[in-house]
Amino acid sequence: MAVFIMRLFKLSVPLLLVLGITVEAQSPTKYGVGRTPTDAEITAWDISISPTGEELPVGSGTADLGAQLFLEKGCAGCHGTNGTDGIAPRLVKRDVGVLDNPWDYGRILPIRSPFATTVWDYINRGMPLGAEGTLTADEVYSVTAYLLYLNDVITDDQMVVDQDTLPAIQMPNRDNWAQVPDWFPEEPRLKGYPY
Amino acid sequence: MSSKKTDRREFLKQGAALASGAAVGAASQSASGQLAGPEAFIQGSDDMVAYGSRSRFVNSQRIPHGGRHSPDTFGLDFHIATPLQDQHGVVTPSSLFYMGTTRGSYLPDIDPDKHRLMVHGLVDNPLVFTMEELKRLPSVTRMHFVECAGNRANSRMTNVQETHGMTSNAEWTGVLLSTILEEAGVKDGGEWIVAEGVESVKGASTIPMIKAMDDTLLAYSMNGEPVRPQQGFPLRMLVPGFEGIFNVKWLRRIKVVDRYYMTYNDYGHLTQDPATAALGYQIGPKSVIVHPSGGMQLPGTGYYQVSGLAWSGGGKVARVEVTTDGGETWFDAEIRGEPQSMAHTQFAFDWEWDGSECELQSRCIDELGQIQPSRQQAQEFWNTPEGERLRVRGQDNSIQPWRIHSDGSIHNAII
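Residues numbered from 1 in each chain as written. Chains lettered and ligands numbered in written order. Predicted model: local features only at pLDDT ≥ 70, side-chain atom pairs only at ≥ 80, totals over all residues. Heavy atoms only, no water.

Re the overall build of chain A
Then step 1. A count of helices and strands for chain A gives nine helices and two strands.
Then step 2. For chain A, the proportion of its 195 residues judged to be buried stands at 44%.
Then step 3. Accessible area for chain A stands at about 10,400 Å²; split by element, carbon and sulfur atoms hold 55% of it. (Helix = DSSP H or I, 4+ residues; strand = E, 2+ residues; numbered from the N terminus. Buried < 20%, exposed > 50% of the residue type's maximum accessible area, 1.4 Å probe, protein only. Areas by Shrake-Rupley, 256 points an atom, 1.4 Å probe, with all protein chains shown as cover.)

Thoughts on empty space enclosed by the protein
Then step 1. Inspection of the entire model under this criterion finds three cavities of 30 Å³ or more.
Then step 2. Lining the largest cavity, in full, are L84, Q87, H88, G89, V290, H291, S307, G308, L309 and Q346 of chain B.
Then step 3. Going through the elements one at a time, strand 13 (286–291) and strand 14 (302–311) of chain B are the ones with two or more residues in the lining of the largest cavity.
Then step 4. Looking at the lining of the largest cavity, the element that brings in the most residues is strand 14 of chain B, giving three residues.
Then step 5. Residues that form the lining of the largest cavity fall into these classes: three nonpolar, seven polar and no charged.
Then step 6. Reported here for the second largest cavity is a volume of approximately 50 Å³.
Then step 7. Surrounding the second largest cavity, D121, Y122 and R125 of chain A together with T102, V201, K202, G203, A204, T263, Y264 and N265 of chain B form its lining. (1 Å grid on protein atoms, 1.4 Å probe; cavity = no way out; pocket = protein on both sides within 12 Å on 5 of 7 lines; lining within 4 Å. Points joined across faces, edges and corners; volume = space filled by probe spheres on them. Nonpolar A, V, L, I, M, F, W, Y, C, P; charged D, E, K, R; others polar.)

What to know about the interface of chain A and chain B
Interface size is commonly expressed as the accessible area that is lost once the parts come together.
Then step 1. Contact with chain A, which involves 58 residues of that partner, is made by 65 residues of chain B.
Then step 2. Surface buried jointly by chain A and chain B totals about 5,700 Å² across both partners, of which 65% is contributed by carbon and sulfur atoms.
Then step 3. Scanning the region where chain A abuts chain B turns up five salt bridges.
Then step 4. A salt bridge links R125 of chain A to E196 of chain B, with the shortest nitrogen-to-oxygen separation between them at 2.8 Å.
Then step 5. Breaking the side of chain A that touches chain B down by element, the ones donating at least two residues are helix 3 (39–45), helix 6 (109–112) and helix 7 (116–126) of chain A.
Then step 6. In terms of residue count, the dominant contributor to the side of chain A that touches chain B is helix 7 of chain A (four residues).
Then step 7. Considered class by class, the residues forming the side of chain A that touches chain B number 31 nonpolar, 14 polar and 13 charged. (Contact = heavy atoms within 4.5 Å. Buried area = accessible area lost by both parts, 1.4 Å probe. Salt bridge = Lys/Arg side-chain N within 4 Å of Asp/Glu carboxyl O.)

What about the environment of Y261 of chain B?
Then step 1. Mapped onto the elements of the fold, Y261 of chain B is located in the loop between strand 12 (251–257) and helix 8 (264–268).
Then step 2. Residue classification places Y261 of chain B among the buried positions, given a relative accessible area of 6%.
Then step 3. With 47 residues separating them along the chain, Y261 of chain B and G308 of chain B place their C-alpha atoms 38 Å apart.
Then step 4. Other than its neighbours up to four places away in sequence, Y261 of chain B contacts S48, I49, S50, P51 and E55 of chain A together with V194, T206, K255 and D266 of chain B.

Looking at the sheet that holds strand 8 (residues 204–208) of chain B
All names here are of chain B.
Then step 1. The strand order 4-3-12-7-8 describes an open sheet built from five strands, whose pairing is mixed. In this open sheet, the two edge strands, each paired with only one partner strand, are strand 4 (127–130) and strand 8. Neighbour-to-neighbour, the strand axes of the sheet open up by a mean angle of 15°, direction not taken into account. (Pairing = 2+ DSSP bridges. Axes fitted to C-alpha atoms, helices over the stretch in contact; angles between N-to-C directions.)

Concerning the packing of helix 7 of chain A against helix 8 (residues 137–150) of chain A
All names here are of chain A.
Then step 1. The N-to-C vectors of helix 7 and helix 8 enclose an angle of 130°; their axes lie 9 Å apart at closest approach. It follows that helix 7 is oblique to helix 8 by the angle criterion. For the element pair helix 7 and helix 8, the recorded crossing hand is right-handed. Within the contact between the two elements, helix 7 uses A116, V119, W120, I123 and N124 and helix 8 uses A137, V140, Y141, V143, T144, L147 and L148. (Parallel < 35°, antiparallel > 145°, perpendicular 65-115°, else oblique. Left-handed = near helix turned anticlockwise from the far one by under 90°.)

Topic: helix 8 of chain A
Residues and elements named next belong to chain A.
Then step 1. Its 14 residues place the ends of helix 8 20 Å apart at the C-alpha level, agreeing with the 20 Å of an ideal helix rising 1.5 Å per residue.
Then step 2. Counting buried positions along helix 8 yields ten of 14 residues, so the element is predominantly enclosed.
Then step 3. Buried within helix 8 we find E139, V140, Y141, S142, V143, T144, A145, Y146, L147 and L148.
Then step 4. Buried-residue contacts for helix 8 involve strand 1 (60–61), helix 4 (63–72), helix 6, helix 7, strand 2 (161–162) and helix 9 (165–168).
Then step 5. Remark: D152 follows helix 8 within two positions and exhibits a positive phi of approximately 60°. (Expected span 1.5 Å × (residues − 1).)

Looking at the environment of E321 of chain B
Residue and element names in this part refer to chain B.
Then step 1. Structurally, E321 can be placed in strand 15 (residues 317–323).
Then step 2. Once the C-alpha coordinates of E321 and F347 are considered, the two residues, 26 residues apart in sequence, prove to be 9.0 Å apart.
Then step 3. Separated by 2.7 Å, the side chains of E321 and R319 make a polar contact.
Then step 4. In this structure the side chain of E321 is engaged in a polar contact, spanning 2.7 Å, whose partner is the side chain of R363. (Polar contact = N/O pair within 3.5 Å; in protein donor to acceptor, adjacent residues only side chain to side chain.)

A word on the state of the cysteines
Then step 1. A full pass over the atoms with the stated rule returns zero disulfides over all chains.
Then step 2. This cysteine, C364 of chain B, is not joined by any disulfide, and C148 of chain B carries the nearest cysteine sulfur, 19 Å off. (Disulfide = S-S within 2.5 Å.)

Considerations on the pattern of salt bridges
Residues and elements named next belong to chain B.
Then step 1. Taken as a whole, this structure holds 25 salt bridges over all chains when the rule is applied.
Then step 2. The partner of D111 in a salt bridge is K114, and the shortest N-O contact between them spans 3.9 Å.
Then step 3. Given a relative accessible area of 33%, D111 falls into the partly exposed group.
Then step 4. Residue classification places K114 among the exposed residues on the basis of a relative accessible area of 66%.
Then step 5. One salt bridge connects R363 with E321, and the closest N-O pair in it is separated by 2.7 Å. Linking R363 in strand 19 (residues 358–366) with E321 in strand 15, this pair joins segments that are 42 residues apart in sequence.

As for the confidence of the model for chain A
Reading fine detail from the predicted coordinates is not recommended where pLDDT is low.
Then step 1. When pLDDT is averaged across chain A, the result is 88; 86% of the residues are at 70 or more.
Then step 2. Confidence drops under a pLDDT of 50 for residues 22–26 of chain A, and excluding neighbours within four residues, the segment shows four contacts in the predicted structure. (pLDDT = per-residue confidence, 0-100.)

A closer look at the side chain of E199 of chain B
All names here are of chain B.
Then step 1. Turning to its location among the elements, E199 is positioned in the loop between strand 7 (192–197) and strand 8.
Then step 2. Here E199 sits buried without a salt bridge, and the closest side chain of opposite charge, K202, lies 7.2 Å off (N-O distance).
Then step 3. A distance of 3.1 Å separates the side chain of E199 from the backbone nitrogen of G203, its partner in a polar contact.
Then step 4. Not counting residues up to four positions away in its chain, the partners in contact with E199 are T102, S105, Y106, P108, K249 and W250. (Lys, Arg positive; Asp, Glu negative; His and termini not counted.)

A closer look at helix 6 (residues 177–184) of chain B
Residues and elements named next belong to chain B.
Then step 1. Most of helix 6 sits out of view: seven of its eight residues are buried.
Then step 2. Among the residues of helix 6, those classed as buried are L177, S178, T179, I180, L181, E183 and A184.
Then step 3. Where helix 6 ends, the next residue or the one after it, G185, has phi of about 75°, a positive value.

What to know about unusual backbone geometry
Then step 1. For the bond running from M127 of chain A to P128 of chain A, omega is -10°, close enough to zero to count as cis.
Then step 2. Locating P128 of chain A in the fold gives a position in the loop between helix 7 and helix 8.
Then step 3. Put simply, S70 of chain B and P71 of chain B share a cis peptide bond, and its omega is -5°.
Then step 4. Relative to the helices and strands, P71 of chain B is located in the loop between strand 1 (63–64) and strand 2 (80–81).

Quick look at the structure:
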């Protein structure tokens with residue numbers, strides 16, 4: 001019945017108005033199950049950062065500060081003092097000079113990722129191991145800046161990295177990756193590929 | 001002693017006397033096929049009454065996949081493979097279901113009463129659901145496989161658990177994501193979703209809206225019980241036919257967005273090659289012979305039922321073919337049961353082994369007409385240079401060859 005009333009409400013509001021019938025405020029959804037979160041709840045839960053960085057929180061940091069945090073927050077314990085020789089993944093490109101194809105630096109997030117926001121997002125959500133989510137926004141900006149600095153993506157360790165400057169940082173692979181193809185149901189995965 | 005018990009005892013005695021002729025026959029028959037002794041019954045216990053367990057003679061188990069120990073140095077569970085060789089039929093027991101995690105993760109210990117799913121972003125009505133509320137909504141029950149992108153065979157592997165153990169199949173019950181998104185009302189421009197788990201790394205993947213609205217399922221039940229913690233208790237996403245990592249576990253949040261978000265999980269799919277990018281989404285047609293398979297031993301010549309599993313991310317399995325001569329001649333295998341979309345399907349083939357060395361293979365053809373390739377076919381298609389190590393592009397769906405030696409031993413024949 002409730003569903004019926006809501007359907008009526010949804011489809012025939014002008015009709016109801018014409019008839020002079022008032023309808024009690026209802027959930028605008030079909031089933032009326034679930035509740036509306038507050039804006040504060042959404043903000044607290046939403047840790048997704050888009051490549052253009054709209055959701056980045058206000059804050060700032062520098063590579064210089066990040067170098068200190070890298071030691072203090074235990075990053076160095078797993079990734080090595082220089083980010084090159086730990087039991088956790090390497091964070092710095094190998095010393096092979098400047099490559100024509102930055103892809104050849106290897107699968108190292110702060111050099112391969114097309115967007116600096118992905119680096120920020122991953123540190124923010126997934127690091128440090130065992131204490132994920134404990135870094136402040138300022139600290140995440142600084143650690144991100146430090147990793148970009150170690151990989152020569154930024155060259156000034158005093159550069160202020162914040163919600164505006166971070167998304168503008170030009171990663172070497174910014175346009176150097178295969179866009180995810182359009183996907184459609186009930187179609188082969190790749191045209192012209194029989195397998 | 002109660003009279004009731006005496007009566008029952010008398011009754012049993014009489015019954016035994018009446019049936020003595022038959023009973024003797026049965027006992028002698030049983031003795032020929034069974035060891036006598038105290039192991040012939042399992043002592044009843046409150047635990048066994050409350051929750052059954054398998055026979056102590058069954059010790060099938062999962063193994064760490066790809067040589068990486070699990071749990072690892074940090075105590076993180078990483079990738080673990082299901083013992084396909086011990087499975088008959090298409091349902092993977094939940095306790096043996098393969099497991100993969102985003103980066104390796106501590107298993108979250110979630111109180112379902114406190115768990116919430118939030119849907120927000122480009123929607124008219126952001127919503128938060130409790131588990132009870134999700135269970136009030138219309139549900140569907142479907143068979144679906146999940147397969148890890150790392151389910152990639154090589155010549156060093158010896159058995160089917162190593163070559164193919166990173167896929168499993170279960171019956172899932174839950175709410176279609178389309179139901180939830182229709183409740184929330186997707187706004188114009190909402191062409192993607194970002195789905196996120198609650199585990200320590202909060203693994204998140206970007207998925208096209210067309211897939212989210214097509215058949216993506218938010219599952220709370222698996223094989224008749226709540227989804228297990230290693231599979232995402234209390235709520236996981238099933239993105240049928242897509243690579244494993246998209247099937248976000250411990251699901252807590254879905255954000256409707258207008259662009260590809262390049263999450264850390266998405267970054268894992270990053271490639272320079274558009275073909276590889278396309279082949280890294282939807283899983284291709286694939287099959288493997290499970291009985292018999294690598295590491296097994298044929299006891300002698302004669303009849304064997306060859307059976308295995310076939311599946312495709314493109315839909316239903318249309319046909320499975322089997323060869324016993326290394327690909328010279330192919331025969332149609334029998335499909336067991338009604339194939340389901342994006343679900344493991346069992347096939348079987350009657351085979352008489354004459355004792356000579358030979359090679360068994362199977363290949364899957366799905367309802368879209370996609371054909372499972374041999375490694376050589378894939379290599380030729382991509383013009384892989386001679387001598388270069390072959391890596392099948394995207395998800396590896398190449399044919400698995402099993403070589404039967406004349407002594408009946410079975411070996412992985414990937415070169």
